[in-house]
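If you want the building blocks of each chain, they are given just below.
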Protein chains: 2
Amino acid sequence: MSDGSIFRGLSAFPLTPADADGVVDTQALAVMIDRLVVAGVDSIAVLGSTGTYAYLDRSQRSRALAAAVETVAGRIPLVAGIGAMRTSWVCELARDAERLGADGLLLAPVSYTPLTQDEVFTHFEAAAATTGLPVCIYNNPSTTHFSFSPELVARLSELANIAAIKMPLPVTGDFEREVGQLRSSCRDGMTIGYSGDSGAASALLAGADAWYSVVAGLLPAAALRLTRAATGGDRAAALAAHTAFEPFWSLFSVHGSLRVMYLIAEQLGLKAGSPPLPIQPLPGSVSAAVAEALHGLKD
Amino acid sequence: MSDGSIFRGLSAFPLTPADADGVVDTQALAVMIDRLVVAGVDSIAVLGSTGTYAYLDRSQRSRALAAAVETVAGRIPLVAGIGAMRTSWVCELARDAERLGADGLLLAPVSYTPLTQDEVFTHFEAAAATTGLPVCIYNNPSTTHFSFSPELVARLSELANIAAIKMPLPVTGDFEREVGQLRSSCRDGMTIGYSGDSGAASALLAGADAWYSVVAGLLPAAALRLTRAATGGDRAAALAAHTAFEPFWSLFSVHGSLRVMYLIAEQLGLKAGSPPLPIQPLPGSVSAAVAEALHGLKD
């Protein structure tokens, strides 16, 4: 049984710099990743939603991961997203990731035809059986359009390689209740983490093991302050760190976090290219708001 | 300006027979397509949702389309689905389809990151500018997770190559009102058709120009009876033809039309392979219900 030890603390999700045809700029990606390692994040997850995996083909995903492995050079755990429409593609991507040197995998049940609970179980079972790496369940209904039942999560947690789950923010807002339910229904050693940056402080204060963070992909120091305060139980410091990010949460909510991340990269002088069309760059008026938010954060 | 003349009447959506790795069985596809031409459908749309385009890579989509072009051999219009996540991929697929000999294109705004109305406009504008072929807007929120505003449809209808729209069944159930609104907001010559087989009789009786039909991909004779009765204004015959299909509408509603289509093919002795995993074949118990539905249809 894999344990979830690599899926703890602050997991940073970098963009994947690429050109208009989806060819990855591996040098720009290396620059982005090195600064995350230097900043001290607990792990890096390449080719997540923020890493635009859904817009990159298999060969470009391999190029991005190979560059990430070389840059991280074993200093911290490196996780790779392997979501794809076909089970056969996911298995290929899992093998690619293992061969290239990833430490763990992140699997979202991407769908076109709506999937049943049993279909998603079998999909994860096949992927997990393909690899010796620990797998994190990527539960993100707003992009995958699949909702995991509590029974499915419990059933998946019994598979040897399923080591972690990345949850969306609970609709009820009750993190303690949800974390407690997941701990009691999933096998021991599986970690429970959250995405949805605006809820990170609440999730970690409620005992979640990990924050799968968009902002940490570019603003690791401020995200680490939030993470360390919340996991250390310092509620006041965690909420102060959360509050410092509020202009970003607002921008994310209005424009989508991915589009805003490209502007943050630009403001920081990091080469990221443009979002993959049809996703469009935001207009200059939003750039000014991003600059102001960055000024307030003092990261 | 392209007109929508190829997007009229009964458009049949065949499966794309393929193996477990997504390699298309072009011979089996040719058999399936030839019987549709012989049955007298008005057009064929390969690589639609029923043709599992979302589960096939670019090279397999080309192989499928090339086989379809060869089989149809100009006897009726042949339309190809070109939906994909990236605008750059859609443009490649449009060029592939034109080069291979398709007569028209079907474009769904597939999404991962939720898209804005402007982003989808620009996506269609780029695709339409790439090709001289007429394009049908594939409006199917249940798989693409994008909802077209009436303003966006009207704006798209002004692009030279946008020739048709394929609508989902109206949530209000009021086809006449919706068809009337679309006719008044879209430019002349653009055709309005519907998918959602259970609503086809109502749509055509309300004046829609086309039925984009899943069942017609395997059961063209019964689908033609429904189409000819409804477009000819014979309400009683159209409703009788609709009623004969009711066991299929029920099965589609419970299991999803795609999964049921693989069982229909099996019952008809047509080679279709299995659905692309993670989508699973239905159990034998459903086969019996499909056999009974086929017996009742006498197609």
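Residues numbered from 1 in each chain as written. Chains lettered and ligands numbered in written order. Predicted model: local features only at pLDDT ≥ 70, side-chain atom pairs only at ≥ 80, totals over all residues.

A few points about the overall build of chain A
Put simply, the rule is: Strands here mean DSSP runs of E at least two residues long; helices mean DSSP runs of H or I at least four residues long; both are numbered from the N terminus. Only C-alpha atoms enter the radius of gyration, while the globule expectation follows 2.2 Å times N to the 0.38, with N the number of residues. Counts of 20 or more other C-beta atoms within 10 Å of a residue's own C-beta define buried residues, counts of 12 or fewer define exposed ones, and intermediate counts define partly exposed ones; C-beta atoms are placed from the backbone. A pair of residues counts as a contact when their C-beta atoms, built from backbone coordinates, are within 7 Å of each other.
From N to C terminus, chain A includes 13 helices and eight strands. In terms of overall dimensions, chain A is globule-like: its C-alpha atoms have a radius of gyration of 18 Å, near the 19 Å expected for 299 residues. Projected onto the principal axes, the alpha-carbon positions of chain A cover approximately 45 × 45 × 35 Å. Expressed as a percentage of the 299 residues in chain A, the buried residues total 56%. Here the contacts in chain A between residues at least 6 apart in sequence split such that 76% fall between residues at least 24 apart.

With respect to the sheet that holds strand E6 (residues 162-167) of chain A
So the rule is basically this: One bridge is not enough; two strands pair if DSSP finds at least two bridges between them. Under this scheme, a helix contributes an axis fitted over its contacting stretch, all axes are lines through C-alpha atoms, and angles between N-to-C directions fall in the 0 to 180 degree range.
Strand order in the closed barrel formed by eight strands is E1-E2-E3-E4-E5-E6-E7-E8 (chain A), with parallel pairing between adjacent strands. Averaged over all pairs of adjacent strands, the angle between strand axes in this sheet comes to 25 degrees, irrespective of strand direction.

Side note on the pairing of strand E7 (residues 191-194) of chain B
All names here are of chain B. What counts here: Crossovers are marked right-handed if the path from the first strand over the helix to the second runs clockwise, as seen with the strands pointing away from the viewer.
Judged by which residues are buried, E7 turns out to be covered on both faces: Thr191 and Gly193 on one side and Ile192 and Tyr194 on the other are all buried. For strand E6 (residues 162-167) and E7, the ladder comprises four bridges, and the chain directions are parallel. Counted as the bridge partner of methionine 167 is tyrosine 194 from E7. Tracing the backbone out of E6, into helix H7 (residues 175-185) and back to the parallel element E7 gives a crossover that is right-handed. What joins E7 to strand E8 (residues 210-213) is helix H8 (residues 200-205), and the crossover it makes is right-handed.

Structural notes on unusual backbone geometry
Residue and element names in this part refer to chain A. Cis geometry is found at the peptide bond from leucine 277 to proline 278, where omega equals 20 degrees. The topology assignment puts proline 278 in the loop between helix H12 (257-267) and helix H13 (284-297). Positioned with a positive phi, leucine 47 is a non-glycine residue whose angle comes to about 60 degrees. The backbone of threonine 52 sits at a positive phi, close to 50 degrees, despite the residue not being glycine.

With respect to the interface of chain B and chain A
For the record, the criterion: When residue character is reported, Ala, Val, Leu, Ile, Met, Phe, Trp, Tyr, Cys and Pro are called nonpolar, Asp, Glu, Lys and Arg charged, and the others, Gly included, polar.
Contact residues are listed per partner, giving 27 residues for chain B and 27 residues for chain A. Broken down by secondary-structure element, the contributors of at least two residues to the side of chain B that touches chain A are helix H3 (87-100) and helix H4 (117-130) of chain B. Here the side of chain B that touches chain A takes five residues from H4(B), the largest share from any one element. When its residues are assigned to classes, the side of chain B that touches chain A shows 13 nonpolar, 10 polar and four charged.

A word on the pairing of strand E7 (residues 191-194) of chain A
Where E7(A) and strand E8 (residues 210-213) of chain A come together, two bridges link them in parallel fashion. The partner of Tyr194(A) across the bridge, within E8(A), is Trp211(A).

Some words on helix H9 (residues 220-231) of chain B
Residue and element names in this part refer to chain B. Here is the rule: Expected helix span is computed as 1.5 Å times (number of residues minus one).
In this model H9 runs 16 Å from its N-terminal to its C-terminal C-alpha over 12 residues, within 8% of the 16 Å that 1.5 Å per residue would give. Within H9, nine of the 12 residues are buried, leaving the element largely enclosed by the surrounding structure. Listed as buried for H9 are Pro220, Ala222, Ala223, Leu224, Leu226, Thr227, Ala229, Ala230 and Thr231. Residues of H9 that are buried sit in contact with strand E1 (9-12), helix H1 (26-39), H8, E8, helix H10 (235-244) and helix H13 (284-297). Phi turns positive one or two residues past the end of H9, at glycine 233, with a value near 80 degrees.

Focus on the relation of the copies chain B and chain A
Quick reminder of the rule: In this comparison the copies share one frame, found by least squares on the C-alpha atoms of residues holding pLDDT of at least 70 in both.
When chain B is fitted onto chain A, the two copies agree to an RMSD of 0.0 Å after a turn of 180 degrees and an axial shift of 0.0 Å. What the superposition gives is, in effect, a two-fold axis relating one chain to the other. In terms of proximity to the rotation axis, the leading residue of chain B is His145(B), whose C-alpha is 4.0 Å off the axis. With an isologous cut-off of 70% or more, the 100% of interface residues of chain B that recur at the interface of chain A puts this contact in the isologous class.

Focus on the nonpolar core
In plain terms, the rule: By convention in this section, buried Ala, Val, Leu, Ile, Met, Phe, Trp, Tyr and Cys residues joined through C-beta atoms within 7 Å make up a nonpolar core.
If you look at the biggest cluster of nonpolar residues, it comprises 216 residues, and the most contacted ones within it are Leu105(A), Leu107(A), Cys136(A), Leu105(B), Leu107(B) and Cys136(B). Not counting the four nearest positions on each side in its chain, Leu107(A) is found in contact with Ile82(A), Gly83(A), Val90(A), Phe124(A), Ala127(A), Val135(A), Ile137(A) and Tyr138(A).

Overview of the sheet that holds strand E5 (residues 135-138) of chain B
Residue and element names in this part refer to chain B. Strand order around the closed barrel formed by eight strands is E1-E2-E3-E4-E5-E6-E7-E8, with parallel pairing between neighbours. Averaged over all neighbouring strand pairs, the angle between strand axes comes to 25 degrees, with direction disregarded. Inspection of the sheet shows E1 paired to strand E2 (residues 43-46) by two bridges, in the parallel sense. Residue alanine 12 lies in a different strand from E2, and its bridge partner there is isoleucine 44.

Some details on the environment of Leu105(A)
All names here are of chain A. Among the structural elements, leucine 105 can be located in strand E4 (residues 104-107). Each C-alpha atom, one on leucine 105 and one on alanine 94, is 7.3 Å from the other, the two residues being 11 residues apart in sequence. Not counting chain neighbours up to four residues away, the residues in contact with leucine 105 comprise Val79, Ala80, Ile82, Ala94, Ala97, Thr131, Leu133, Val135 and Cys136.

Brief notes about the environment of Ala240(B)
Residue and element names in this part refer to chain B. Note on placement: alanine 240 falls in helix H10. Residue class for alanine 240 comes out partly exposed when judged on the 14 C-beta atoms lying within 10 Å of it. Note: C-alpha distance between alanine 240 and arginine 225 (15 residues apart in sequence) is 9.5 Å.

Regarding the packing of H1(B) against helix H2 (residues 58-72) of chain B
Residue and element names in this part refer to chain B. Filter applied, for reference: Reported orientations rely on four angle classes, namely roughly parallel under 35 degrees, roughly antiparallel over 145, roughly perpendicular from 65 to 115, and oblique for the rest. We call a crossing left-handed when the near helix sits turned anticlockwise from the far one by less than a right angle, and right-handed when that turn is clockwise.
Here H1 crosses H2 at 40 degrees, and the two axes come no closer than 9 Å. Between H1 and H2, the angle is such that the two are oblique. Note on packing geometry: the crossing formed by H1 with H2 is right-handed. When H1 is examined against H2, the residues Thr26, Leu29, Ala30, Ile33, Asp34 and Val37 are found in contact with a partner set consisting of Arg63, Ala64, Ala67, Ala68, Thr71 and Val72. Here the residues of the contact of H1 with H2 are counted per class, giving eight nonpolar, two polar and two charged.

Points about the confidence of the model for chain A
Short version of the rule: Values of pLDDT, ranging from 0 to 100, describe the predictor's confidence in every residue of the model.
Averaged over every residue, the pLDDT of chain A is 96; the share at 70 or more is 99%. With a pTM of 0.97, the predicted complex shows an ipTM of 0.96.

Comments concerning the packing of helix H9 (residues 220-231) of chain A against helix H10 (residues 235-244) of chain A
Residue and element names in this part refer to chain A. Interaxial distance between H9 and H10 falls to 8 Å at its minimum, and their mutual angle equals 155 degrees. In terms of orientation, H9 lies roughly antiparallel with respect to H10. Every pair of crossing elements has a handedness; the one defined by H9 and H10 is left-handed. Contacts between H9 and H10 involve Ala222, Arg225, Leu226, Ala229 and Ala230 from the former and Ala237, Ala238, Ala241, His242 and Ala244 from the latter. A class-by-class count of the residues in the contact of H9 with H10 yields eight nonpolar, one polar and one charged.

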